[in-house]
Amino acid sequence: EAAVTQSPRNKVAVTGGKVTLSCNQTNNHNNMYWYRQDTGHGLRLIHYSYGAGSTEKGDIPDGYKASRPSQENFSLILELATPSQTSVYFCASGDRGRRAEQFFGPGTRLTVL
Amino acid sequence: GDSVTQKEGLVTLTEGLPVMLNCTYQTIYSNAFLFWYVHYLNESPRLLLKSSTDNKRTEHQGFHATLHKSSSSFHLQKSSAQLSDSALYYCAPPVDSNYQLIWGSGTKLIIKP
């Protein structure tokens, strides 16, 4: 079974500060994703990646950067955090192809004060 | 543009009654699988079931769904709701040749005794 871990699990940041959320997967999946989940919006895709060195913008990329230095690791970076970025962030990984399901990490609860 | 609609944001039912959560989509990539994910409180979203075959019923964990390409629908059903079914449910069809998913806004299902 795919294993996706995220760190930290909880984070409190100050407005204007830099925040890095990390994700690691051990199932050798090509694709990785960052989502945020807010009440009334469901899952919204921020950035995704097709493999090491690749990052693509999702539906709501503004204010976020992503980095995929290796097959296993995918980071989400908030250079200048704002209170509107307070949310729960999920990382997911998945194989390519039409059957591929996404496996989600446990989530990171971020609060920006 | 491409879109998926889950018209019910919240469904509240009494235990034992049938469940039907609606999902309609605008376009899906040819021969692609459509997915239903379930997100229980304090857990990670995970795959509930998937299908790519027109007019064929797919079942898993007591839930079932049938893809109807003629009506662009993939409704999720269960004959008898259980308290443990309370969760957030997402419909997710793929929209391009990379099988990138588009996520519905989710339906929150609350089952009461």
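Residues numbered from 1 in each chain as written. Chains lettered and ligands numbered in written order. Predicted model: local features only at pLDDT ≥ 70, side-chain atom pairs only at ≥ 80, totals over all residues. Heavy atoms only, no water.

Engineer: Outline the overall build of chain B, supporting the account with residue identities and numerical values.
Structural biologist: Looking only at helices and strands, one finds 0 helices and 11 strands in chain B. Tracing chain B from N to C terminus, the helices and strands come up as β-β-β-β-β-β-β-β-β-β-β. Whereas a compact globule of 113 residues would reach a radius of gyration of roughly 13 Å, chain B reaches 13 Å, a difference of no more than 12%. The principal-axis extents of the C-alpha atoms in chain B amount to approximately 45 × 30 × 20 Å. Put simply, chain B has 113 residues, and 50% of those count as buried. (Helix = DSSP H or I, 4+ residues; strand = E, 2+ residues; numbered from the N terminus. Rg over C-alpha atoms; globule rule 2.2 N^0.38 Å. Buried < 20%, exposed > 50% of the residue type's maximum accessible area, 1.4 Å probe, protein only.)

Engineer: Which residues make up the sheet that holds strand 3 (residues 19–25) of chain A, and what values go with them?
Structural biologist: Residue and element names in this part refer to chain A. Taken in spatial order, the 4 strands line up as 1-3-8-7 in an open sheet, and their pairing is antiparallel. The outermost strands of the open sheet, each flanked by one partner alone, are strand 1 (4–7) and strand 7 (65–67). When the angles between neighbouring strand axes are averaged without regard to direction, this sheet yields 20°. By the bridge criterion, 4 bridges tie strand 1 to strand 3 in an arrangement that is antiparallel. Along strand 3, the bridge assignment pairs Thr-5 with Asn-24. (Pairing = 2+ DSSP bridges. Axes fitted to C-alpha atoms, helices over the stretch in contact; angles between N-to-C directions.)

Engineer: Before we move on, could you go through the sheet that holds strand 5 (residues 34–39) of chain B and cite the residues and values that matter?
Structural biologist: Residues and elements named next belong to chain B. Taken together, 5 strands build an open sheet; the order of strands is 2-11-10-5-6 and the sheet is mixed. In the strand order of this sheet, the two ends are held by strand 2 (10–14) and strand 6 (46–51), each with one partner. Each strand of the sheet is rotated relative to its neighbour by a mean of 25°, with strand direction disregarded.

Engineer: I'd like a description of empty space enclosed by the protein, backed by residues and values.
Structural biologist: It is the rolling of a water-molecule-sized probe over the atoms that shows where space remains empty. Overall, the coordinates contain 1 cavity of 30 Å³ or more when judged by the stated rule. Of the volumes computed, that of the largest cavity is approximately 100 Å³. Partitioning the lining of the largest cavity into residue classes produces 7 nonpolar, 5 polar and 4 charged. (1 Å grid on protein atoms, 1.4 Å probe; cavity = no way out; pocket = protein on both sides within 12 Å on 5 of 7 lines; lining within 4 Å. Points joined across faces, edges and corners; volume = space filled by probe spheres on them. Nonpolar A, V, L, I, M, F, W, Y, C, P; charged D, E, K, R; others polar.)

Engineer: Can you lay out the environment of Ser79(B) for me, pointing to particular residues and giving the numbers?
Structural biologist: Residue and element names in this part refer to chain B. If you trace the backbone, Ser-79 turns up in the loop between strand 9 (76–78) and strand 10 (87–92). The class for Ser-79 is exposed, based on a relative accessible area of 61%. In this structure, the C-alpha to C-alpha distance between Ser-79 and Ser-97, residues 18 residues apart in sequence, is 35 Å. Not counting residues up to four positions away in its chain, the partners in contact with Ser-79 are Gly-16, Leu-17 and Pro-18. (Contact = heavy atoms within 4.5 Å.)

Engineer: Give a description of unusual backbone geometry that names residues and reports values.
Structural biologist: Following Ser7(A), the chain continues to Pro8(A) via a peptide bond in cis, the omega torsion being -10°. At Asn42(B), a position not held by glycine, the phi torsion is positive, near 65°. Tracing the chain through its elements places Asn42(B) in the loop between strand 5 and strand 6. On the basis of relative accessible area, Asn42(B) is assigned to the exposed category, the value being 75%. Notably, Gln61(B) is not glycine yet its phi reads approximately 50°, a positive angle. Mapped onto the elements, Gln61(B) comes out in the loop between strand 7 (57–60) and strand 8 (63–66).

Engineer: Run through the pairing of strand 8 of chain B, naming residues and quoting values.
Structural biologist: Along any regular strand the residues' side chains alternate between the sheet's two faces. Residues and elements named next belong to chain B. Burial of the side chains of strand 8 extends over both faces: Phe-63 and Ala-65 are buried on one face and His-64 and Thr-66 on the other. The hairpin turn running from strand 7 into strand 8, its antiparallel successor, is 2 residues long, and Gln-61 in that turn takes a positive phi close to 50°. The pairing of strand 8 with strand 9 spans 3 bridges and is antiparallel. Pairing of Phe-63 across the sheet is with Lys-78, part of strand 9.

Such coordinate-based values are descriptive only and should not be taken to indicate function.
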